[in-house]
Every structure is written in structure tokens, then in C-alpha cells.
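Coordinate inspection notes
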Amino acid sequence: MKLLEERIRKDGTVKAGNVLKVDSFLNHQMDIDLFNEMGKEWARLFADRKITKILTVEASGIGIACVAAQHFHVPVVFAKKSQSVNIDGEVYSTKIESFTHKRVYDVIVSKKFLHPEDHILIIDDFLANGCALEGLIDIVNKAGASVEGVGIAVEKGFQKGGDLIRSKGIRVESLAIVESMDDKTGEITFRS
Ligand code: G4P
Ligand code: NA
Ligand code: NA
């Protein structure tokens, strides 16, 4: 998506350790007109799929998913990062390992909000190693629902997540795929 690529070039900054900072329009301050165009694009890309619900994970995925949902007219469910392990069986839970934050956390979704007849579109801001996505897919599988596809804002194409998820036969539509970035020069190249 040209609009997002141009915005990343203009306002994104490359940090050491392969981190792309997009705080001014995606991860902290949020450009809602841009989110709206992203939602419109996912709606176009997934027009052939029946979607009944959008699933994301807190925190950064929520804003993007909510704006996108206005083009799908379905509810948004976000997986919660949970401190306490659930013992009463009321939630689906999985573990997500964050390489960026160097920790493992449990994420949960109430069983009330995911059902076997649901057709899920997963939306998230970043795809890096794919751990967050694997966790969300695991939760959908535990609910017996189906994953219709994944919409990602920024995929870091040089990390393994994109290949990993696509190799499972899951359709991943990333609106910008960063092929390489250089924290010395600030140069960013996109997959075409
Ligand atoms: P993975 O889920 O794809 O395996 O990625 P990883 O563990 O490396 O990422 C951990 C968190 O950092 C995720 O957010 C992910 O969206 C984000 N992230 C990964 N690479 C980048 C990057 O280059 N730039 C930015 N800005 N974020 C990146 P999270 O832990 O779920 O946190 P949040 O949604 O609460 O912010
Ligand atoms: Na995220
Ligand atoms: Na994030």
C-alpha cells in the first residue's frame, strides 16, 4: 500500500536492533485517516472471504482493528495479556514469546466471544517473528473457529514470521513489507 509505505519513509525512524519506530502515526499517536485507508484496503483484499469477527491483541492492534472493523461491520475482540493464569476454564489461553521485550506472557480470550462458527480475520500492527500471530491462531484453533486471513500493517520481511505463517497455508496481507532497513543511513526498502 503506497500510502503506508510513503508514510513510513517520511515519518518512520530506524533504530538499532532492527526496530522501526512509527510512534507518530501508528503506535502512540495514531493517524485515524490512515487507519481508515488501511481498513478499506483490507476490506478490498478480503472481499471474497466471509468474516464474522476481527481478532487482535492489546495494545497496539486495537486501534487499527477497530477502525478496520468499520469496513467489515463485525465486532472486534482483543486478546488480553494476562498476569494470572486462568483456572476456571472460562477462557482460551496461549503463551506468546516476545523477542522484542524478551519475555513470555499469557494471552487470553473469553470463551464467550469466540465460537466454532466464527470466521476470523486477525489484525495486528507488526509482524516480526510471528509469535504474537501464532498465539492468536492457536486461540482461534482452540475455539474451533476458522482463520480466514491475517491483515498486518507493517511486516518486517527480513524476519521469519511472514514465511512461517504463510507456510501454514494462511493468507497474510501486509500493507507494507519492509525488505531491509539501515539504522546508520535511515534507508528503508520495501518489497514490491
Ligand atoms: P512477533 O510477535 O512477530 O514475534 O514479534 P516480537 O515478539 O519481536 O514483537 C514484540 C512486540 O513488538 C509486538 O508488540 C510487536 O508488534 C512489536 N514489534 C516488533 N517489531 C517491531 C518494530 O520494528 N517496531 C515496532 N514499533 N514494534 C515492533 P507487543 O509486544 O504486542 O506490544 P504492544 O502491541 O502492546 O505495543
Ligand atoms: Na502488536
Ligand atoms: Na507493538
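Just so it is clear, the model here is predicted, and its values are computed rather than measured. (Residues numbered from 1 in each chain as written. Chains lettered and ligands numbered in written order. Predicted model: local features only at pLDDT ≥ 70, side-chain atom pairs only at ≥ 80, totals over all residues.)

1. Description of the pairing of strand 4 (residues 76–82)
Which entries qualify depends on this criterion: Following DSSP output, two strands are said to pair if at least two bridges run between them. By the criteria applied, helices consist of DSSP H or I runs no shorter than four residues and strands consist of E runs no shorter than two, each listed in order from the N terminus. Seen with its strands pointing away from the viewer, a crossover is right-handed if its path from the first strand over the helix to the second goes clockwise.
For strand 3 (residues 53–57) and strand 4, the ladder comprises four bridges, and the chain directions are parallel. Bridging from a neighbouring strand, L55 pairs with V77 of strand 4. Read from strand 3 through helix 4 (residues 60–69) to strand 4, the crossover connection turns out right-handed. Pairing geometry for strand 4 and strand 6 (residues 103–110), over three bridges, is antiparallel. Directly across from K81, in strand 6, lies its bridge partner V107.

2. Topic: the packing of helix 3 (residues 32–45) against helix 4
Formally: Here an angle of 0 to 180 degrees is reported between the N-to-C directions of two axes, which are lines fitted to C-alpha atoms, with helices fitted over the stretch in contact. Note that the term roughly parallel is reserved for angles under 35 degrees, roughly antiparallel for angles over 145, roughly perpendicular for angles of 65 to 115, and oblique for everything else. By the definition used in this description, the sense in which the near helix is turned from the far one sets the handedness, with an anticlockwise turn below a right angle giving left-handed and a clockwise turn giving right-handed. Distance between backbone-placed C-beta atoms decides contact: two residues are in contact if it is within 7 Å. Polar here means any residue other than Ala, Val, Leu, Ile, Met, Phe, Trp, Tyr, Cys and Pro, which are nonpolar, and Asp, Glu, Lys and Arg, which are charged; Gly is therefore polar.
Remark: helix 3 packs on helix 4, axes separated minimally by 8 Å, with the N-to-C direction vectors making an angle of 60°. What the angle tells us is that helix 3 and helix 4 run oblique. Of the two possible hands of crossing, helix 3 and helix 4 adopt the one that is right-handed. Here helix 3 contributes I32, F35, N36, M38, G39 and W42 to the contact with helix 4, which in turn contributes G63, I64, V67 and A68. For the contact of helix 3 with helix 4, the class distribution of residues is seven nonpolar, three polar and no charged.

3. Side note on the sheet that holds strand 3
Taken in spatial order, the eight strands of this open sheet run 5-6-4-3-7-8-9-10, and their pairing is mixed. In this open sheet, the two strands that pair with only one neighbour each are strand 5 (91–98) and strand 10 (188–190). Averaged over all pairs of adjacent strands, the angle between their axes in this sheet comes to 30°, without regard to strand direction. Against the sheet, helix 3 engages strand 8 (146–156) and strand 9 (172–181), with an angle of about 120° to strand 9. On top of the sheet, helix 4 reaches strand 3, strand 4, strand 7 (119–127) and strand 8; it is set at about 130° to strand 7, its chief contact.

4. Comments concerning the UniProt feature "binding site: 5-phospho-alpha-D-ribose 1-diphosphate" (unreviewed entry) in the protein chain
Which entries qualify depends on this criterion: UniProt positions are given in the numbering used here, feature names are shortened, and annotations may be inferred rather than shown by experiment. In this scheme the burial state of a residue depends on its C-beta neighbours within 10 Å: 20 or more other such atoms mean buried, 12 or fewer mean exposed, and anything in between means partly exposed; the C-beta positions come from the backbone.
Here the UniProt-annotated "binding site: 5-phospho-alpha-D-ribose 1-diphosphate" (unreviewed entry) positions come out as A128, N129, G130, C131 and A132. Once residues lying within four places of it in the same chain are set aside, the contact partners of C131 are I96, E97, S98 and F99. Of note, A132 is situated in helix 5 (residues 131–143). By the C-beta count within 10 Å, which is 24 here, A132 ends up buried. Look past the residues within four positions of A132 in its chain and what remains in contact with it is V57, I96 and D124.

5. Let's talk about the pairing of strand 3
Most of strand 3 is tucked away, with five of its five residues classed as buried. Both faces of strand 3 are covered, namely the face carrying K53, L55 and V57 and the face carrying I54 and T56. Sheet topology places strand 3 next to strand 7; three bridges connect them, and they run parallel. Across the sheet, the residue bridging to K53 is I120, located in strand 7.

6. Some details on the site of ligand 1
Operational definition: Residues are classed as near a molecule or strand if the C-beta position derived from their backbone is within 6 Å of it.
Taken together, 24 residues lie near ligand 1, and S60, F126, N129, C131 and A132 sit nearest. For the shell around ligand 1, the secondary-structure elements that each account for two or more residues are strand 2 (19–21), helix 4, strand 7 and helix 5.

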